[in-house]
Amino acid sequence: PGALAGLQHLAVAQLDVPVGRVVYTSLLNDEGGFVADLTIMRLGATSFRVVTGASTGGSDAKWIADHLPDDAQLTDVSSGWATLGLWGPRAWDVLTSVKRDGDQSPPRTFGISEFTEIGGAVVLASRISYVGEFGWELHVPAEQAGQLWDLLREAGRPHGLVPVGIGVYATTARLEKGYRAYGAELTPDYNLVEAGMTRPRVKPQSFIGKEAYLAQREVAPDAVLCTLTVDSVVSADGTPRYALGGEPILALDGSRLVDALGRPSYVTSAGSGPSVGKHLLMAYLPPAVAGAGTSLLVEYMGETYPVTVAGSGAVFDPSGSRMR
């Protein structure tokens with residue numbers, strides 16, 4: 001019975017939502033820094049499912065369990081479930097071809113989860129996307145995951161379905177959309193305002209970090225998270241070199257960029273953006289140089305390469321129409 005109140009105390013987002021709604025939210029520490037970044041599905045009046053990254057599952061579970069009231073319980077079901085992502089402009093065609101009795105009902109709206117039968121497996125289909133394309137996260141009991149994979153692969157052949165992995169999910173598609181990742185862009189050193197993740201309103205319920213978050217909203221940020229495009233990857237000897245993450249961001253005169261709190265700018269994430277034909281970087285920048293079109297440098301392997309600030313949003317499909 002304490003599940004809702006317990007999660008409300010942790011999450012920035014409003015969790016008192018209808019059953020079936022999927023909520024994307026951050027969890028903060030007392031100073032308003034990031035502790036976690038995840039999604040929560042409301043399965044019932046007193047039950048929720050928390051979905052987070054494989055690398056942070058243990059620490060997130062510990063944080064949640066340590067802060068739950070006595071009348072709420074956390075159960076880790078990670079070993080019992082697998083998740084497949086089915087995304088792309090033809091995802092609906094693939095899914096309808098394998099659903100029970102050829103169910104042709106229209107796709108549910110973005111941010112909704114529901115149980116559905118696919119190939120004899122009861123699958124929790126969540127209409128969200130971390131790659132910026134229309135589709136679902138399909139949560140299935142682990143012992144049925146192989147069967148579901150085979151079924152989707154076969155059904156997807158006529159539609160050009162291609163299996164991809166973490167390179168797309170965590171790098172190329174994510175960077176093209178400007179999606180933030182915990183441990184890279186989202187760390188205890190930065191806050192929601194600096195990350196460009198503020199919401200129009202702050203929920204009335206109390207949550208950890210709320211006072212700090214309210215104060216952060218009232219002042220200009222000391223840093224702005226931006227996407228940058230690399231204008232040339234060619235080194236002095238003609239070899240193409242691609243920044244991988246962690247590299248310093250410099251002004252055109254070669255000086256290191258440092259914000260008002262003394263935090264130096266560096267590449268938080270890096271990877272190719274095939275849809276825009278550019279190598280992409282993400283970095284927190286001092287506000288004075290965070291405007292779109294600003295020319296800067298990135299230092300990599302002892303050389304500097306020209307980069308241009310693209311802004312704080314997506315460089316591909318900025319309206320998000322492909323996902324919805």
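Shown above is the structure to which this text applies.
Quick summary incoming for the structure in this document. The shown structure was predicted, so the numbers you read here are calculated from the model rather than taken from an experiment.

This next bit is on the overall build of the protein chain. Of the regular secondary structure elements, the protein chain holds six helices and 13 strands. Relative to the 2.2 N^0.38 estimate, which gives 20 Å for 324 residues, the radius of gyration of the protein chain is 21 Å and therefore close to what a compact globule would have. The C-alpha extent of the protein chain, read off along each of the three principal axes, is 65 × 50 × 30 Å. Per-residue burial over the protein chain gives 48% buried out of 324 residues. Put simply, of all contacts in the protein chain between residues at least 6 apart along the chain, 61% involve residues at least 24 apart. Distance between charge centroids for the protein chain: 7 Å, based on 25 positive and 34 negative side chains.

So, on to the sheet that holds strand E3 (residues 47–51). Within the open sheet, the three strands sit side by side as E1-E2-E3. Their pairing is antiparallel. Strand pairing shows two members of the sheet lacking a second neighbour, strand E1 (22–28) and E3, which therefore form its edges. Averaged over neighbouring strand pairs, the angle between their axes works out to 35 degrees when direction is ignored. Along the sheet face, helix H2 (residues 57–67) touches E1, strand E2 (34–44) and E3 and points at about 70 degrees away from the line of E2.

Below, the discussion takes up the side chain of His139. With respect to the secondary-structure elements, His139 resides in strand E7 (residues 135–141). For His139, a relative accessible area of 5% translates into the label buried. Only 3.0 Å separates the side chain of His139 from the side chain of Thr83, close enough to count as a polar contact. Ignoring sequence-local partners within four residues, the contact set of His139 consists of Met41, Arg49, Val51, Trp81, Ala82, Thr83, Val122, Val123, Leu124 and Ser126.

Further remarks concern the nonpolar core. Among the nonpolar cores identified, the biggest contains 21 residues, and Leu228, Ile249, Leu281, Leu285 and Leu296 are the most heavily contacted of them. When residues of this core are traced back to their parent elements, those giving at least two are strand E8 (224–230), strand E10 (267–273), strand E11 (278–285), strand E12 (295–300) and strand E13 (303–311). Here Leu296 is in contact with Leu228, Ile249, Leu250, Ala251, Leu252, Leu257, Leu285, Val289, Tyr305, Pro306, Val307 and Val309, once residues within four sequence places are set aside.

Once that is clear, we can look at empty space enclosed by the protein. This model, assessed by the stated rule, comprises one cavity of 30 Å³ or more. Of the voids in this model, the largest cavity is the one considered here, and its volume is about 40 Å³. Every residue lining the largest cavity is listed: Val230, Val233, Arg241, Tyr242, Ala243, His279, Leu281, Val298, Tyr300 and Tyr305. Of all the elements in the fold, those that place two or more residues in the lining of the largest cavity are E11 and E12. Its residues assigned to classes, the lining of the largest cavity shows eight nonpolar, one polar and one charged.

Strands in a sheet are paired, the pairing made by backbone hydrogen bonds, and the direction either parallel or antiparallel. Strand order in the open sheet formed by four strands is E4-E7-E6-E5, with antiparallel pairing between adjacent strands. Each edge of the open sheet carries a strand with a single partner, namely strand E4 (81–87) and strand E5 (113–118). For this sheet, the mean inter-axis angle between neighbouring strands, taken without regard to orientation, is 30 degrees. By the bridge criterion, three bridges tie strand E6 (residues 121–126) to E7 in an arrangement that is antiparallel. Bridge pairing in E7 links Ala125 to Leu138.

The next point concerns a nonpolar patch on the surface. There is a patch of nonpolar side chains on the surface, built from Leu43, Phe115 and Val122 and spanning about 260 Å² of accessible area. Looking at the secondary structure, you find Leu43 in strand E2.

Below, the discussion takes up the pairing of E6. Where burial is concerned, most of E6 is hidden: five out of the six residues are buried. Pairing between E5 and E6: six bridges, direction antiparallel. Within the sheet, the bridge partner assigned to Thr116 lies in E6 and is Val123. In sequence, E5 turns back onto E6 through a hairpin of two residues, with Gly119 there showing a positive phi of about 55 degrees.

Here we come to helix H4 (residues 145–156). The terminal C-alpha atoms of H4, which comprises 12 residues, lie 16 Å apart, in line with the 16 Å expected from a rise of 1.5 Å per residue. Those residues of H4 that sit buried are Ala145, Leu148, Leu152, Ala155 and Gly156. Each buried residue of H4 lies within a common arc of 100 degrees when the element is viewed along its axis, so the set occupies one face. Structurally, H4 contributes buried residues whose contacts are with E4, helix H3 (91–98), E5, E6 and E7.

For the rest of this paragraph, the subject is the layout of surface pockets. Empty space within the second largest pocket amounts to approximately 210 Å³. Ala13, Gln14, Arg199, Arg201 and Lys203 are the residues nearest the centre of the second largest pocket, which is lined by 13 residues in total. A breakdown of the residues in the lining of the second largest pocket according to their chemical character gives nine nonpolar, one polar and three charged.

Each value, and the rule that gives it
- Counting of residues starts from 1 at the beginning of each chain's written sequence and follows it residue by residue.
- pLDDT decides what is reported in this predicted model: residues at 70 or higher carry local features, side-chain atom pairs at 80 or more are listed and counted, and totals for whole chains, interfaces and linings draw on all residues regardless.
- Excluded from the side-chain calculation are hydrogens and water; included are all heavy atoms of the structure.
- Numbered from the N terminus, helices here are DSSP runs of H or I no shorter than four residues, and strands are runs of E no shorter than two.
- Based on C-alpha atoms, the radius of gyration is set beside the globule rule, defined as 2.2 Å times the residue count to the power 0.38.
- Whether a residue is buried, partly exposed or exposed follows from its accessible area with a 1.4 Å probe, protein chains only, as a fraction of its type maximum: under 20%, in between, or over 50%, in that order.
- Any two residues whose heavy atoms approach within 4.5 Å are treated as being in contact.
- As used throughout, the charge tally considers Lys and Arg to be positive and Asp and Glu to be negative, leaving His and the chain termini uncounted.
- By convention, the charge on Lys lies at NZ, on Arg at CZ, on Asp at CG and on Glu at CD.
- Whether two strands pair depends on DSSP finding at least two bridges between them.
- Angles here are taken between N-to-C directions and fall from 0 to 180 degrees, while the axes themselves are lines fitted to C-alpha atoms, restricted in helices to the stretch in contact.
- Side-chain atoms alone can form a polar contact between residues adjacent in sequence; in general such a contact is a pair of N or O atoms within 3.5 Å, and within protein one must be able to donate a hydrogen while the other accepts it.
- As used in this record, nonpolar core signifies buried Ala, Val, Leu, Ile, Met, Phe, Trp, Tyr and Cys residues forming a set joined through side-chain atoms within 4.5 Å.
- A pocket here means an open set of points on a 1 Å grid, computed over the protein atoms alone, that has protein on both sides within 12 Å along at least five of seven lines. A cavity is instead a set of points where a 1.4 Å probe fits but cannot get out; residues with an atom within 4 Å of a point line either one.
- Grid points are joined across faces, edges and corners, and a volume is the space filled by probe spheres set on the points.
- Under the convention adopted here, Pro, Cys and the residues Ala, Val, Leu, Ile, Met, Phe, Trp and Tyr are nonpolar, Asp, Glu, Lys and Arg are charged, and Gly plus all remaining residues are polar.
- Note on patches: the residues involved have over 30% relative accessible area and no salt bridge, like charges join within 9 Å, and the nonpolar side chains Val, Leu, Ile, Met, Phe, Trp and Tyr join within 5 Å.
- Working definition of accessibility: Shrake-Rupley area with a 1.4 Å probe, residue cover restricted to the visible protein chains.
- By definition, a salt bridge exists where a carboxyl oxygen of Asp or Glu is found within 4 Å of a side-chain nitrogen of Lys or Arg.
- Given a helix with a known number of residues, its expected span is that number minus one, times 1.5 Å.
- To be clear, the arc concerns the directions from the helix axis to the C-beta atoms.

By themselves, these figures tell us nothing about what the structure is for.
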